[in-house]
Amino acid sequence: MGLTDQRYVNMWTELGLNLQKHDILLGALGQIYGDLFMTQKNRPEGMKYFDFVMSEVHGLRIKEIVDKKKEGKKVIGAFCLYVPEELVYASGSTMVGLCGGADFSIPDAETVLPRNMCPLIKSFYGFKVGGTCPYFQSCDMVVGETTCDGKKKTYELLNDLVPTYVMEIPHKNDTPQAKQLWLTEVKLFKSKMEALTGKTIEKDAVKEAIRLINAKRAAMKRVSETRKASPPPISGLDGLLVNQVSFYDDVPRFTQKVNELADELEKRNREGNGVGDPSRPRLMFSGCPMAIPNWKLHSIIESMGVPVVAEESCIGSRYFTDPVQPKGDSMESLLEAIVDKYSKISCACFTPNQQRITNVVEMAHDFKASGVIYNVLQYCQTYNVEAIRVERALKAAGMPMLKIETDYGSEDVEQIRTRVEAFTEMLRPSR
Ligand code: BJ8
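The structure contained in this document is the topic of the report that follows. (Residues numbered from 1 in each chain as written. Predicted model: local features only at pLDDT ≥ 70, side-chain atom pairs only at ≥ 80, totals over all residues. Heavy atoms only, no water.)

1. Section: the sheet that holds strand β3 (residues 141-145)
Consideration 1: Taken together, four strands build an open sheet; the order of strands is β2-β1-β3-β4 and the sheet is parallel. Only two strands of the sheet have a single partner each, and these edge strands are β2 (94-97) and β4 (164-167). Within the sheet, the average angular offset between the axes of one strand and its neighbour, ignoring direction, is 30°.
Consideration 2: In this structure, β3 lies alongside β4, joined through four bridges in parallel fashion. Bridge assignment links glutamate 145 to a residue of β4, and that residue is methionine 167.
Consideration 3: Sheet strands touched by helix α9 (residues 149-158): β3 and β4. Its angle to β3, the strand with the most contacts, is close to 155°. (Pairing = 2+ DSSP bridges. Helix = DSSP H or I, 4+ residues; strand = E, 2+ residues; numbered from the N terminus. Axes fitted to C-alpha atoms, helices over the stretch in contact; angles between N-to-C directions. Contact = heavy atoms within 4.5 Å.)

In structure tokens:
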């Protein structure tokens, strides 16, 4: 795909993409993807679908989204799991994830934003400023949230470039006041979607959207569960890719393909057909989200023959662990169930955040990890400070942890490799 790909040039032009820069991005992405993913041995057949999605991630998928817009449907961009996608789908709209995982767009961001900021924020802002992301260009509205300071202040600037609606997220998650604030915000968001689409969101549409997204989460959880096997039936890189693609793909098709992949992985486990050497340690990943195309730590770790078996992250377990479980049939009950589910997403922005500390320890044991790699994106204070309590809890449970603070650049790759090597050498092999 590129400038020479006449199938999409008109569409990209109409979306206002900077074609020259975009072409460089696609060229670089294709190269990195080929080097990291297509060279893996014994990949599941089901990953061919995800290879295809990635080869068309700025092409066919954007065309599907643009076609929906032509039918009058709205496209909503989001940066956080706390935006209730059930209400977006209940309104007949489509949601796409806009978190940035690429170094490529950061120079554009730094023409405006301070340099000493989290790369995830700089990356997404740079994609909008530089006009290099067709998902951003397709959005009728983007939805931010009051999680970390860097994000919420950047949303003020983003609003100059694209209509930006911000949800107020409580910073405590287990008090009646927090739940009440959240419920109010969910109701306001529902009204906002109704105003944007010009349609009332009916109860049956919310129920159907809950069913749709629950099925997606359940399929992803099935894949995740298979990775508990030793050896795991799929690499950490491919497991991560499935989680990343979930933020872009058409929901029913994605769910079907993930279930087909889960069928294959379960069969592989029955046959003992895994990837990697079962006598090596296995690592769990925890911390900041890894948005596409951030494959940095997984690729470094797995290049040493050490599998990554789980991601305790928003692009990972925090997304799919809990379904929305309505206790009644009224709109109020449905919205309360959404609030209940979303307050179980244990982002480090919450205080106190004991549920995450407990989850990390339980997950590390469930996935039979030999140790935990804790990922902090540079300048992310919430995850960096929370690492202290996570490490203490893991240590008390006999689970070693290595914290890595990094950005999207390649300057520290060899240094990280050396640290991970030293860490895995002292770990016991997987149980
Ligand atoms: S629920 S993790 S998706 S906020 S890494 S931008 S926190 S400085 S991404 Fe997140 Fe929602 Fe939480 Fe999940 Fe700020 Fe940290 Fe950057 Fe972060």
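2. Section: the packing of helix α10 (residues 176-197) against helix α16 (residues 331-342)
Consideration 1: Contact pair α10 / α16: the axes reach a minimum separation of 10 Å and the direction vectors enclose 120°. By the angle class used here, α10 and α16 are oblique. Here α10 and α16 pass one another in a crossing that is right-handed. Of α16, the residues touching α10 (which contributes Lys179, Trp182, Leu183, Val186, Lys187 and Lys190) are Met331, Glu332, Leu335, Glu336, Val339, Asp340 and Tyr342. (Parallel < 35°, antiparallel > 145°, perpendicular 65-115°, else oblique. Left-handed = near helix turned anticlockwise from the far one by under 90°.)

3. As for the site of the ligand
Consideration 1: Near the ligand, the surroundings consist of 18 residues, among which Cys80, Cys148, Cys314, Cys347 and Cys380 are the closest.
Consideration 2: Residue composition of the shell around the ligand, grouped by class: 14 nonpolar, two polar and two charged. (Near = heavy atom within 4 Å. Nonpolar A, V, L, I, M, F, W, Y, C, P; charged D, E, K, R; others polar.)

4. Some details on the sheet that holds strand β8 (residues 401-406)
Consideration 1: Across the sheet, which stays open at both edges, the four strands sit in the order β6-β5-β7-β8 with parallel pairing between neighbours. Across the chains shown, the open sheet's two edge strands, defined by having one partner strand only, are β6 (308-312) and β8. Shown here is a sheet whose adjacent strand axes are inclined to one another by a mean of 25°, direction ignored.
Consideration 2: Pairing of strand β5 (residues 283-287) with β6 involves four bridges; the strand directions are parallel. By the bridge assignment, methionine 284 is partnered in β6 with alanine 310.
Consideration 3: Those strands touched by helix α17 (residues 354-366) are β5, β6 and β7 (371-377), and its axis lies near 165° from that of β5.

5. A look at the nonpolar core
Consideration 1: Of all hydrophobic cores here, the largest spans 147 residues; its most connected members are Phe50, Phe136, Phe189 and Trp295.
Consideration 2: When residues of this core are assigned to their parent elements, the largest contribution, eight residues, is made by helix α11 (residues 203-226). (Core = buried A, V, L, I, M, F, W, Y, C linked by side-chain atoms within 4.5 Å. Buried < 20%, exposed > 50% of the residue type's maximum accessible area, 1.4 Å probe, protein only.)

6. A look at the side chain of lysine 190
Consideration 1: Within the fold, lysine 190 resides in helix α10.
Consideration 2: Among residues more than four places away in sequence, those in contact with lysine 190 are Leu87, Ile201, Met331 and Leu335.

7. Here's the deal with the pattern of salt bridges
Consideration 1: Per the stated rule, a full pass over the model turns up 38 salt bridges.
Consideration 2: A salt bridge links glutamate 85 to arginine 217, with the nearest nitrogen and oxygen atoms 3.8 Å apart. In this pair, glutamate 85 is assigned in helix α5 (residues 85-90) and arginine 217 in helix α11, connecting sequence segments 132 residues apart.
Consideration 3: By relative accessible area, glutamate 85 is classed as buried at 7%. (Salt bridge = Lys/Arg side-chain N within 4 Å of Asp/Glu carboxyl O.)

8. So, helix α4 (residues 60-70)
Residues lying three or four places apart along an α-helix face the same way, a consequence of the helix completing one turn every 3.6 residues.
Consideration 1: The set of residues buried in α4 consists of Arg61, Ile62, Ile65 and Val66. Buried positions in α4, seen along its axis, are confined to an arc of 135° and lie on one side of it.
Consideration 2: In the core, the buried residues of α4 are packed alongside α1 (6-14), β1 (75-78), β2, α8 (134-138) and α13 (251-271).
Consideration 3: Of the residues flanking the end of α4, it is glycine 72, one or two places downstream, whose phi is positive at about 95°. (Arc of directions from axis to C-beta.)

9. A few points about the packing of aromatic side chains
Consideration 1: Inspection of the entire model under this criterion finds 16 aromatic pairs.
Consideration 2: Note on phenylalanine 50 and phenylalanine 254: the rings are 6.2 Å apart at their centroids and 90° apart in plane angle, and the pair reads as edge-to-face. You can see phenylalanine 50 sitting in helix α3 (residues 47-55) and its partner phenylalanine 254 sitting in helix α13, a full 204 residues away along the chain. The pair phenylalanine 50 / phenylalanine 254 is uniform in exposure class, with both members buried.
Consideration 3: With 4.3 Å between their ring centres and 40° between their planes, phenylalanine 79 and phenylalanine 124 make a pair best called tilted. With phenylalanine 79 in the loop between β1 and α5 and phenylalanine 124 in helix α7 (residues 119-130), the pair connects residues that are 45 residues apart, well separated along the chain.
Consideration 4: Given the relative accessible area of 0%, phenylalanine 124 is considered buried.
Consideration 5: Taken together through their ring pairs, the aromatic side chains of Phe79, Phe124, Phe136 and Tyr155 make up a single cluster.
Consideration 6: Here arginine 217 stacks its cationic end above the ring of tyrosine 319, 4.5 Å away from the centre of that ring.
Consideration 7: For the cation-ring pair, lysine 228 lies above phenylalanine 367, with the distance from its terminal atom to the ring centre recorded as 5.2 Å. (Phe/Tyr/Trp six-rings, centres within 6.5 Å; stacked < 30°, edge-to-face > 60°. Lys NZ or Arg CZ within 6 Å of the ring centre and 35° of its normal.)

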